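Breakdown of the fold
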Amino acid sequence: MRTREFAARRRGVDPVEVREFQARVSDELAMLNETVRLLTQENDRIRRALRDWQTMHARECRPPEEHHRNSGHW
């Protein structure tokens, strides 16, 4: 839709064609805005879930205590 030609009329272009085109563009923009809104919500949900998982994982995976580090054979 980057280029659109309208039928020539005596005083410019056909206003009916222009209004139909504007309505189509408007509908497409509304759909795209809704898609962006839903994807933003999903992105926020995933970001929160990742942050929660990282917090839980950090608590469960604490490094071993200092005296266990060098308790190996060598």
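Heads up: the structure comes first, above all this text.
These lines cover the structure that appears in this document, whether it is placed above or below. For clarity, every value in this text was computed on a predicted model and none was experimentally measured.

Observations regarding a nonpolar patch on the surface
A cluster of nonpolar side chains, namely Leu 29, Met 31 and Leu 32, defines an oily patch on the protein surface of about 300 Å² accessible area. Residue position: Met 31 is located in helix α1 (residues 15-60). Classification of Met 31 by relative accessible area gives exposed; the value is 52%.

Remarks on the pattern of salt bridges
Counting across every chain of the model gives three salt bridges. One salt bridge in this structure joins Glu 34 and Arg 37, with 2.6 Å as the shortest N-O distance. Of this pair, Glu 34 and Arg 37 are both found in helix α1, three residues apart, which corresponds to roughly one turn of the helix. Overall, Glu 34 belongs to the partly exposed group, its relative accessible area being 34%. Among the salt bridges present, the one from Arg 45 reaches Glu 42, with a minimum N-O distance of 2.8 Å. Taken together, the residues span about one helical turn, with Arg 45 and Glu 42 both in helix α1 at a distance of three residues. Relative accessible area serves as the criterion here: at 43%, Arg 45 is assigned to the partly exposed category. Residue class for Glu 42 comes out partly exposed when judged on its relative accessible area of 34%.

Rules of the game
Residues numbered from 1 in each chain as written. Predicted model: local features only at pLDDT ≥ 70, side-chain atom pairs only at ≥ 80, totals over all residues. Heavy atoms only, no water. Patch = residues over 30% accessible without salt bridge, like charges linked within 9 Å, V, L, I, M, F, W, Y side chains within 5 Å. Areas by Shrake-Rupley, 256 points an atom, 1.4 Å probe, with all protein chains shown as cover. Salt bridge = Lys/Arg side-chain N within 4 Å of Asp/Glu carboxyl O. Helix = DSSP H or I, 4+ residues; strand = E, 2+ residues; numbered from the N terminus. Buried < 20%, exposed > 50% of the residue type's maximum accessible area, 1.4 Å probe, protein only.

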